Amino acid sequence: MSRAPLPCPLLSGPLLSGLLLSGLLLSGLLGGCSVTGDRGATLDAGSWRSSKARMYHDLALQCLRGGDHERARSLLQQAVQFDGNEPRTLELLTRLAYGDGELATARNAAQMLLQLDPTSVTAQCTLAAVAEDEGRTDVAEAGYRRALELTRDDPRPAIGLHRLLLNQGREADAELLRGSIAERFPRNAEVWLDRGAQLAAGQRWSDAAVAYGSALAVEPDNVDAATSCALSAVLSGRPGEAATIGDQLAPRARTGHVDLALILATARLRAGEPEAALRELEPVERQLGGRSAVRILRGEILLHLHRLDAAREEFEAALATEPGAARAHAGLGRVYLQQGRHQEAARALQLAVQREPGNGVTRALLAAGLASIGDSTGAAFQLARARELPDAARLVPEVERLFPALRERAEVRR
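Residues numbered from 1 in each chain as written. Predicted model: local features only at pLDDT ≥ 70, side-chain atom pairs only at ≥ 80, totals over all residues. Heavy atoms only, no water.

Some thoughts on the nonpolar core
For clarity, the threshold we go by: To form a nonpolar core, buried Ala, Val, Leu, Ile, Met, Phe, Trp, Tyr and Cys residues must be joined to one another through side-chain atoms within 4.5 Å. Per-residue accessibility, obtained with a 1.4 Å probe over protein chains only, is compared with the maximum for each type, and a residue is labelled buried under 20%, exposed over 50%, and partly exposed between these values. In DSSP terms, a helix is any run of H or I states spanning at least four residues, a strand is any run of E spanning at least two, and both are numbered starting from the N terminus. Between two residues, a contact is recorded if the distance between any of their heavy atoms is within 4.5 Å.
Leu 262, Leu 281, Leu 288, Leu 297, Ile 301 and Leu 406 are the most contacted members of the largest nonpolar core, which totals 48 residues. Counting residues per element, this core draws most heavily on helix H22 (residues 360–372), at 7 residues. Leave out the neighbours within four places in its chain, and Ile 301 touches Leu 269, Pro 274, Ala 277, Leu 278 and Leu 281.

Here's what the structure looks like:
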């Protein structure tokens, strides 16, 4: 169900009444004045309309600051009706309408702006973006290129054109454009962020990390680039590189960024630094609250530190919030295995496998748990399934070493 927009505080209540009363008094005073000659003292129509347009423009700005985009857009449209020759109003309406997905309004405002200023980059870029959204990519590309020719210091046309090329899969053209952008706009990281996002969407994590690293080279304190670069490095199997990214950021840049803290903590854990992983979480603990994902991560860190009771408490707290969390069940099972509570371990690991059957590590651990309570048939089945899953390649030989009978049964089946 859509939520009705919040009322703009400047268009209701005593302030509106005051504005109307002031307008009436001003109108009466002006009407009673006279000067020598034939000219009347009343405002001419053009000045009156310009004044009304400025008033609506200012009210729209106030509504924008209050977060009411719909009312702000309506006020800007009214301002344009009173005076369609004010570039500031048209530019603001163009940007706001396009940002809100109102393509027809954005197109009309951009066309009016272009009539006033044929060199307007905002107008050209907006018309190109609207054309792209409507599937008219040839028109969009021509518009971006035309806008790029009009400017020396505005990177927006280049960014829009680069995104268009990426969306079309024209990687060679996009790479050529990135070289040009690096020369013309050397301090702009946006194209590298877009390139990284495209590579990440294709799960090309190593290449994505390189692209995000290029964005960081341009803007060293860009937290979005740092977060994406660290995540890509972790997912490409290079947690050590991800862990160093946080060290390179200024402390003030890291303050309050929960996603970055979680990724860096994960990177530290995978790099074999559990104590450092806990320290990554400390600055954002208040913001993290009781989120199950945070509880699970903290539990996994504590498990690596062999603080088993503390780890168990974290996994249990996570399950109280999210009963179906496979990682929490698996973590609890690992705690029980290390504590020698094999029956409870097998039960927790079975729940984890039910919820995440493609996790080979959990299946291998379940095989160990079942073998520990004498269920050799169930253990052999789980270990056979684990052998088929790539993530269990290192763990399966260890389980076979601890339970040689499982290896012998597997050899007989072969």
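We are not done yet, so read on.
What to know about the pattern of salt bridges
Applied cut-off: Only one rule defines a salt bridge in this text: a Lys or Arg side-chain nitrogen within 4 Å of an Asp or Glu carboxyl oxygen.
This model, assessed by the stated rule, comprises 28 salt bridges. Among the ionic pairs, Arg 341 bridges to Glu 344, the shortest N-O distance being 2.7 Å. Each of the salt bridges in this network shares a partner with another, and the network as a whole consists of Glu 141, Arg 145, Arg 170 and Asp 173.

Quick notes on the layout of surface pockets
If a probe the size of a water molecule is rolled over the atoms, the empty space left behind becomes visible. Heads up, the rule is: A pocket here means an open set of points on a 1 Å grid, computed over the protein atoms alone, that has protein on both sides within 12 Å along at least five of seven lines. A cavity is instead a set of points where a 1.4 Å probe fits but cannot get out; residues with an atom within 4 Å of a point line either one. Grid points are joined across faces, edges and corners, and a volume is the space filled by probe spheres set on the points.
Taken as a whole, the largest pocket spans an internal volume of roughly 1100 Å³. As for the largest pocket, its lining consists of 24 residues, and the residues nearest its centre are Arg 270, Glu 300, His 304, Arg 334 and Val 361. Put simply, the parts of the chain that give the lining of the largest pocket at least two residues each are helix H15 (258–270), helix H18 (292–304), helix H20 (326–339) and H22. Ranked by residues supplied to the lining of the largest pocket, first place goes to H20 with 5 residues.

Quick word on unusual backbone geometry
The backbone phi angle of Gln 203 is positive, close to 60°, even though this residue is not glycine. Within the element layout of this structure, Gln 203 appears in the loop between helix H10 (190–201) and helix H11 (205–218). Not every positive phi belongs to a glycine, and His 306 is a case in point at roughly 60°. Position of His 306 relative to the elements: it lies in the loop between H18 and helix H19 (308–321).

Points about H22
Note the cut-off: Here a helix's expected span is defined as the number of its residues, less one, multiplied by 1.5 Å. Two N or O atoms count as a polar contact when they lie within 3.5 Å, although within protein this holds only if one can serve as hydrogen donor and the other as acceptor, and sequence-adjacent residues are included solely when both atoms are side-chain atoms.
Spanning 13 residues, H22 covers 18 Å between terminal C-alpha atoms, matching the ideal 18 Å at 1.5 Å per step. All of the buried residues along H22 are Gly 360, Thr 362, Arg 363, Ala 364, Leu 365, Leu 366, Ala 367, Ala 368, Gly 369, Leu 370 and Ala 371. With a side-chain oxygen positioned 3.1 Å from the backbone nitrogen of Val 361, the residue opening H22 is Asn 359. Downstream of H22 by a residue or two, Gly 374 has a phi angle that is positive, lying close to 90°.

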